[in-house]
Structure formats: structure tokens, C-alpha cells
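# Results of the structural survey
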Amino acid sequence: MNKHTEIRVWDPFVRVFHWGLAAAFFIAYLSGDAWLDLHTLAGYTALGLILARLPWGVIGTRHARFSDFVRPPRVALAYVRDLFLGRAKRHLGHNPAGGLMILALLVTLPLVALSGMALLGAEEGAGPLAGLMAGSPHWLAEGIEGLHEFLANLVLLMVGVHVLGVLVESLLHRENLIRAMFTGAKPARDDDEQDRPGPLHLN
């Protein structure tokens, strides 16, 4: 291992996106109906961050690109198995399981935001979907509210799984992954050149 050398892995946009999205989600989750304006603003912020992340996943720096970390589910599951058996390979960027979690969050969080906008339009007559949802029957508003809460709790569960994976991987590879997402750098190791993604096969 090159103990005194670090490799720049996460660019500033990825780091701002990561922590900004985490903050926006938890502010929205904790504010709920009690602080509706704050809840709504946090939801819009989360959606805006995701919309900005999508093109960066195509044109961004190496480890920010989807092509660097998107792998088939079977590869991600194999990585999780190896991780808990203590033999998972170290990845400079997102590992296959982390990549799958990112995709899941990029799908689920916009659904949380859209259901929240629909609920805001139905109950408050406000937001971008107010015109569409105006005059919605009570049963529909209740159904949307139930969906919104379910999706938000699902994201919370996914975040818990993500944090657990980060902690286990940090212990296995003896590196502080949380710190790396703040600084953008990871310790250089002799086998880092092996961490080059091969062709992306989705079958």
C-alpha cells in the first residue's frame, strides 16, 4: 500500500449531491405536516439534485459516471455475499451493491417527490400539480398520502441498508468511506490499477 498517497475519487459535484440529498431527505422526513413549507422546499431540493445528477452520470468524471458502477443485480448480490464473508474486492468508486442502491434511490426518491406534489395539489391546491389534482376526491388524496408515506419509509430503510454497507466495507478494507465522501480522496493502494471497469453487460 502507498500509505502516504491519496487518489482523488469523488469530484465536488458528487460530494455536494451526496450530502445535499441526504440533508434534504432527512429535513423533509422529519418536518412532515408540522412544517409544510420546509417539507415542501426540502422535497423540491431533493428532486432538483437528482435531476442534476442524471446528466452528470453520463458526462461527469470517471467515478461519477453510471458506466463506472452500474452492474447487473446478480453481480451486486455476489458482492454483498462476498462482503459479509470478508472477501469482497475493494473498489475505488462505487462497488456493485452501492451502484445498485444509487439506481434504486434515483428511481424511488423522484416517486416520493411526485407523490408529495400530487398530495400538495390535492390537499392544499398548491404546487405544480395543483391544476391536475384540484377537486380530487377524499379517497384519492388519502391513497396518495399513504403511497407518499410508504415510499418515504422505503427510502429510509434503503438509507439504513446503505449506511450498514458503508460501515461493513470500511471495516473490511480499513478505510474511512464517510471521510472519503467529504474529502473526495481515498488512500492509494498497489492494486488500484486493477479497479478498471470492464464492458458493461446487463444480461
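Each value, and the rule that gives it
- Residues numbered from 1 in each chain as written.
- Predicted model: local features only at pLDDT ≥ 70, side-chain atom pairs only at ≥ 80, totals over all residues.
- Heavy atoms only, no water.
- Salt bridge = Lys/Arg side-chain N within 4 Å of Asp/Glu carboxyl O.
- Buried < 20%, exposed > 50% of the residue type's maximum accessible area, 1.4 Å probe, protein only.
- Helix = DSSP H or I, 4+ residues; strand = E, 2+ residues; numbered from the N terminus.
- Axes fitted to C-alpha atoms, helices over the stretch in contact; angles between N-to-C directions.
- Parallel < 35°, antiparallel > 145°, perpendicular 65-115°, else oblique.
- Left-handed = near helix turned anticlockwise from the far one by under 90°.
- Contact = heavy atoms within 4.5 Å.
- Core = buried A, V, L, I, M, F, W, Y, C linked by side-chain atoms within 4.5 Å.
- Expected span 1.5 Å × (residues − 1).
- pLDDT = per-residue confidence, 0-100.
- Phe/Tyr/Trp six-rings, centres within 6.5 Å; stacked < 30°, edge-to-face > 60°.
- Lys NZ or Arg CZ within 6 Å of the ring centre and 35° of its normal.
- Nonpolar A, V, L, I, M, F, W, Y, C, P; charged D, E, K, R; others polar.

## Description of the pattern of salt bridges
If you walk through the whole model with that rule in mind, you get five salt bridges. The shortest N-O distance in the salt bridge between Arg62 and Asp68 comes to 3.5 Å. Judged by its relative accessible area of 11%, Asp68 is buried. Between Arg90 and Glu175 there is a salt bridge, and its shortest N-O distance comes to 2.9 Å. With Arg90 in the loop between helix 4 (73-84) and helix 5 (96-124) and Glu175 in the loop between helix 7 (138-173) and helix 8 (177-183), this residue pair connects regions lying 85 residues apart in the sequence. Exposure class is identical for Arg90 and Glu175. Each is buried. Several salt bridges converge on common partners, so that one network encompasses Arg81, Asp82 and Arg87.

## Examining the packing of helix 1 (residues 12-31) against helix 7
Where helix 1 contacts helix 7, the two axes come as close as 11 Å, and the packing angle between them is 135 degrees. Comparing their axes, helix 7 and helix 1 come out oblique. Our pair here, helix 1 against helix 7, has a crossing hand that is left-handed. Contact residues: helix 1 offers His18, Phe25, Phe26 and Tyr29, while helix 7 offers Ala152, Asn153, Val155, Leu156, Val159 and His162.

## With respect to unusual backbone geometry
Phi at Arg174 is positive, roughly 55 degrees, even though this residue is not glycine. Position of Arg174 among the secondary structure elements: in the loop between helix 7 and helix 8. The exposure class of Arg174 is exposed, given its relative accessible area of 73%.

## Some words on the nonpolar core
Within the largest apolar cluster, 20 residues are counted, with the highest numbers of intra-cluster contacts made by Phe17, Leu21, Ile50, Leu105, Leu106, Leu109 and Val155. Those elements that place two or more of their residues in this core are helix 1, helix 2 (36-59), helix 3 (66-69), helix 5 and helix 7. The leading source of residues in this core is helix 5, at six residues.

## Quick look at helix 7
Residue pairs three or four apart in sequence face the same way in an α-helix, which turns once every 3.6 residues. Taking 1.5 Å per residue as the helical rise, helix 7 with its 36 residues ought to reach 52 Å, and the 52 Å between its terminal C-alpha atoms agrees with that figure. When helix 7 is considered as a whole, its buried residues turn out to be Ala141, Ile144, His148, Leu151, Ala152, Val155, Met158, Gly165, Val166, Glu169, Ser170 and His173. Where helix 7 is buried, its residues touch helix 1, helix 2, helix 4, helix 5, helix 6 (130-133) and helix 8. One or two steps after helix 7, the chain reaches Arg174, where phi turns positive at roughly 55 degrees.

## Let's talk about the confidence of the model for the protein chain
With 91% of its residues at a pLDDT of 70 or more, the protein chain has an overall mean of 88. Confidence over residues 192-203 falls short of pLDDT 50; this stretch has 22 contacts with residues more than four positions distant or in other chains.

## Here's the deal with the packing of aromatic side chains
For any two aromatic rings, the description comes down to two numbers: the centre-to-centre distance and the angle of the planes. Applying the stated criterion across every chain yields a total of five aromatic pairs. Residues Phe25 and Tyr29 carry aromatic rings whose centres are separated by 5.8 Å and whose planes lie at 40 degrees to one another, so their mutual orientation is tilted. Of this pair, Phe25 and Tyr29 both sit in helix 1, four residues apart, which is roughly one turn of that helix. Since its relative accessible area comes to 31%, Tyr29 is described here as partly exposed. The structure contains a cluster of three or more aromatic residues connected by ring pairs, namely Phe25, Phe26 and Tyr29. In this structure, Arg53 is placed above the aromatic ring of Phe17, and the distance from its NZ or CZ to the ring centre is 5.8 Å.

## Quick word on the environment of Pro110
Note on placement: Pro110 falls in helix 5. In this structure the C-alpha to C-alpha distance between Pro110 and Ala46, which are 64 residues apart in sequence, comes to 8.2 Å. Non-local contacts of Pro110, meaning those with residues more than four positions away in its chain, are made with Leu47, Ile50 and Leu105.

## A closer look at the packing of helix 4 against helix 5
Relative to each other, helix 4 and helix 5 sit at 125 degrees, their axes nearing to 7 Å. Overall, the two elements helix 4 and helix 5 adopt an arrangement that is oblique. Between helix 4 and helix 5 lies a crossing of left-handed hand. Taken together, the residues of helix 5 that come into contact with helix 4 (itself represented by Pro73, Val75, Ala76, Tyr79 and Val80) are Pro96, Ala97 and Leu100. Among the residues making up the contact of helix 4 with helix 5, the classes are represented as eight nonpolar, no polar and no charged.

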